[in-house]
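# Architecture at a glance
This is what each chain is made of:
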Amino acid sequence: MINQLKYLSVIMLTLSMTACYEDTDVTFYEAGEYKGKFDPHSQTKEERSAILAKRFGQVQTDR
Amino acid sequence: MARMKFLCDSERCIECNACVTACKNENEVPWGINRRRVVTLDDGLQSEKSISVACMHCTDAPCQAVCPVDCFYTTDDGVVLHDKDMCIGCGYCFYACPFGAPQYSQEGAFGARGKMDKCTFCAGGPEEDHSHEELDKYGRNRLAEGKLPLCAEMCSTKSLLAGDGDIVSELFRNRVVRREGRGESWGWETAYND
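Residues numbered from 1 in each chain as written. Chains lettered and ligands numbered in written order. Predicted model: local features only at pLDDT ≥ 70, side-chain atom pairs only at ≥ 80, totals over all residues. Heavy atoms only, no water.

## So, the interface of chain B and chain A
Inclusion rule: The contact rule is simple, with two residues in contact once any of their heavy atoms fall within 4.5 Å. Here the buried area means the combined drop in accessible surface, using a 1.4 Å probe, for two parts upon being joined, counting both sides. A pair is scored as a salt bridge if a Lys or Arg side-chain nitrogen falls within 4 Å of a carboxyl oxygen belonging to Asp or Glu.
Taken together, the contact between chain B and chain A spans 42 residues of the former and 29 residues of the latter. For the pair chain B and chain A, the summed buried area comes to about 2800 Å², and 51% of that belongs to carbon and sulfur atoms. Across the chain B-chain A interface, the total number found is 4 salt bridges. We note a salt bridge from Arg 48 of chain A to Asp 77 of chain B, for which the minimum N-O separation is 2.9 Å.

What follows is the structure, encoded as structure tokens:
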């Protein structure tokens, strides 16, 4: 019984230590270089330009 | 290629602050932060002028130049955005910006300076379009919906313009020509014949 408890405590300790794992990936700074997340766009820039130009004509015309 | 720009026509701005309200509501901007403000010069005098100011999405952005962790980037549309996961809230961009655009939310029990927040030209940020993360961190992504910033779209006098710089400047040039150097039809001269 005592042996079983010992094994159990070792397993519990191992599991609890595993939970303490910390991701150590760091972003190394390099001057003038953006290393953040990539900004995905659903449309190409030409498509977007055309859509937004049309929108401007619809909502921001002079009165 | 389009370069998105704001332009505020001071002859038309009536200081209604609708742009400020629209921005706060659309982007769910936290309490104490204004991404856009209306600045009035010579308040109450005949020469009174108001302009609506936010991040101007500079072509050679000083905030981008001074950021010690380089968390800024410029999109294909010319919109200056930043990654809040990289921002350390140092405040250098606030000192560098000539328009006072960067804002800092109070975070934590002692109100420490949080991550920088600024106008995104309603273009969201570096998260998946229309995701919860994007809305929480940066606000609405209206550009991905084919719309322009709400502050400009709902400006009642069409004072605040937002869009491709070439189209905006063409529209403004036509206005200036039409005015022939005079102010718009309303104003002190009309109201008081002074």
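## Let's talk about helix α6 (residues 165–179) of chain B
Our working rule: For helices the rule is a DSSP run of H or I covering at least 4 residues; for strands it is a run of E covering at least 2, with both sets numbered from the N terminus onward. Helix span, expected: 1.5 Å multiplied by one less than the number of residues in the helix. Relative accessible area decides the class of each residue, using a 1.4 Å probe on protein chains only: under 20% of the type maximum gives buried, over 50% gives exposed, and in between gives partly exposed. Note: the arc covers the axis-to-C-beta directions of the helix.
If you check α6 of chain B, its first and last C-alpha atoms are 21 Å apart, about what 15 residues at 1.5 Å a residue would give, namely 21 Å. Taken together, the buried positions of α6 of chain B are Gly 165, Val 168, Leu 171, Arg 175 and Arg 179 of chain B. Burial along α6 of chain B is one-sided: seen end-on, the buried residues are contained in an arc of 135°. Seen from the buried face of α6 of chain B, the exposed residues on the opposite side, beyond 90 degrees, are Asp 166 and Val 177 of chain B. Contacts made by the buried residues of α6 of chain B are with α2 (45–59) of chain A together with β1 (4–8) and β8 (160–164) of chain B. Phi turns positive one or two residues past the end of α6 of chain B, at Glu 180 of chain B, with a value near 55°.

## Overview of the environment of Cys 122 of chain B
Locating Cys 122 of chain B in the fold gives a position in the loop between β7 (112–117) and α4 (132–137). Setting aside residues no more than four positions away along its own chain, Cys 122 of chain B makes contact with Asn 27, Arg 140, Asn 141, Arg 142, Leu 143, Pro 149 and Leu 150 of chain B.

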